[in-house]
Amino acid sequence: MIKNQLLYFYFLLIFCSSLQGCKKDILFSDCDLLDHSVVLDPLRINNKVLLIGIDGFRSDAMTQEITPFIYDLLERNVYKNLSHLTEEDTYSGPNWSSILTGVHYNKHNVRDNGFDGSRFDLFPTFFNYIERNLNSVNTTSIVNWIPINQNILSEDVDYYTNSSINDSLVYQKARDLLIKNDPIKADVIFLHFDELDAAGHTFGFSPNIAEYRETLTILDLYVDSLISIIDRKRLSGEDWMCF
């Protein structure tokens, strides 16, 4: 079941990126000639999504000792891919822009953390497509690294954090959304945790470095708690996809 849900969200992202990116070898001006209409599946309109982003996460640190919950989760019936394809420059700005829009930086034009010259009007985020076509869906973005909301998502979601917060507050606000519907009853949630990336920049990106391992183990506990909440919601009849 979890595998099917993850695969569905994966294909949803591909679908959104195909709408906004056209074909890879088509010029920007030619996109206007294509049909950008969106067809909604009435059987899936009530589906809900939790998208968890962990900045600076090396796949070789995903071990039973460091991240026991995530490791065990991926050993169950879920989709995983440990092959990596990053943008040419691994700044946060270009890569989170690519994740949220489904296109590379040569299209969204975010080449560093300054976001100057971004083309989100031509290549919107998948949240933008949801908001334009499903007014009843409540979308949220809770992030540690505030430029994501300031430069990418502030106009595409119903609720977003507008100041920098630490990972523990990202986790707590996510719990409040899921358990208390505070401040809104969220249907699509994006979370961004950044303290692992900070630990990597300060001490080194390696599972052999204590500070990196310890930060990742804390994040594993956060993910464990959030997925447990989602599992309880599934038992009550809600259809959630976790990514």
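Heads up: these notes are all about the structure in this document. Residue indices follow the written sequence of each chain, beginning from 1 at its first position. Side-chain atom pairs in this predicted model are given and counted only at pLDDT of 80 or more, local residue features only at pLDDT of at least 70, and totals for whole chains, interfaces and linings cover all residues. Excluded from the side-chain calculations are hydrogens and water; all other atoms, namely the structure's heavy atoms, are used.

**Quick notes on the environment of Trp 96**
Put simply, the rule is: Working definition: helices are DSSP H or I runs of at least four residues, strands are E runs of at least two. Numbering for both runs from the N terminus. Summary of the burial criterion: residues with accessible area below 20% of their type's maximum are buried, those above 50% are exposed, and those between are partly exposed, where the area comes from a 1.4 Å probe applied to protein chains only. When checking whether two residues touch, look at their non-hydrogen atoms; a contact exists if any pair is within 4.5 Å.
By the element assignment, Trp 96 lies in helix 3 (residues 92–101). Note on Trp 96: relative accessible area 7%, which makes it buried. Taking C-alpha positions, Trp 96 is 7.4 Å from Ile 148, a pair spaced 52 residues apart along the chain. Those residues in contact with Trp 96, other than ones at most four positions away along the chain, are Gly 53, Ile 54, Asp 55, Ile 148, Ile 152, Phe 190 and His 192.

**Quick word on the nonpolar core**
Soluble globular proteins tend to bury their nonpolar side chains together. Where we set the bar: Among the buried residues, those of types Ala, Val, Leu, Ile, Met, Phe, Trp, Tyr and Cys that are joined through side-chain atoms within 4.5 Å form a nonpolar core.
Formed by 34 residues in total, the largest nonpolar core has its most connected members in Leu 50, Ile 54, Ile 189, Leu 191, Phe 193 and Leu 226. The set of elements that each furnish at least two residues to this core consists of strand 1 (48–54), helix 2 (68–75), helix 7 (167–180), strand 4 (188–193), helix 9 (210–235) and strand 5 (240–242). When residues in this core are grouped by element, the largest group, nine residues, is from helix 9. If sequence neighbours within four positions are ignored, Ile 189 has contacts with Val 49, Leu 50, Leu 51, Thr 140, Leu 177, Leu 178 and Trp 240. In this structure, Val 110, Phe 127, Val 137 and Trp 145 belong to the second largest nonpolar core, which totals 22 residues.

**What about unusual backbone geometry?**
Residues other than glycine predominantly adopt negative phi, and peptide bonds predominantly adopt the trans conformation. In this structure, the amide linkage connecting Asp 182 to the following residue, Pro 183, adopts the cis form with an omega of 10°. Along the polypeptide, Pro 183 turns up in the loop between helix 7 and strand 4. Non-glycine residue Phe 115 carries a positive phi angle of around 65°. The class of Phe 115 is buried, set by a relative accessible area of 5%.

**Things to note about the side chain of Asp 197**
For clarity, the cut-off: Note that His is not counted, nor are the chain ends; the positive residues are Lys and Arg, and the negative ones are Asp and Glu. A pairing counts as a salt bridge when a side-chain nitrogen of Lys or Arg comes within 4 Å of a carboxyl oxygen of Asp or Glu.
The topology assignment puts Asp 197 in helix 8 (residues 195–203). No salt bridge is formed by the buried Asp 197. Its closest oppositely charged neighbour is Arg 58, at 11 Å. Apart from residues lying up to four places away in sequence, Asp 197 is in contact with Asp 55, Gly 56, Ser 92 and Phe 205.

**So, the packing of helix 7 against helix 9**
Put simply, the rule reads: Axes here mean lines fitted to C-alpha atoms, for a helix over just the part in contact, with angles spanning 0 to 180 degrees between N-to-C directions. Geometric relationships in this document are graded by angle, where less than 35 degrees denotes roughly parallel, more than 145 denotes roughly antiparallel, 65 to 115 denotes roughly perpendicular, and other angles denote oblique. All residues other than Ala, Val, Leu, Ile, Met, Phe, Trp, Tyr, Cys, Pro, Asp, Glu, Lys and Arg, Gly among them, are scored as polar; the first ten of these are nonpolar and the last four charged.
Closest axis-to-axis distance for the helix 7/helix 9 pair is 11 Å, and the angle between their directions is 5°. Here helix 7 lies roughly parallel to helix 9, going by the angle between them. Seen from helix 7, the contacting residues are Asp 167, Ser 168, Tyr 171, Ala 174, Arg 175, Leu 178 and Ile 179; seen from helix 9, they are Leu 219, Tyr 222, Ser 225, Leu 226, Ile 229, Ile 230 and Lys 233. Taken together, the residues of the contact of helix 7 with helix 9 break down into nine nonpolar, two polar and three charged.

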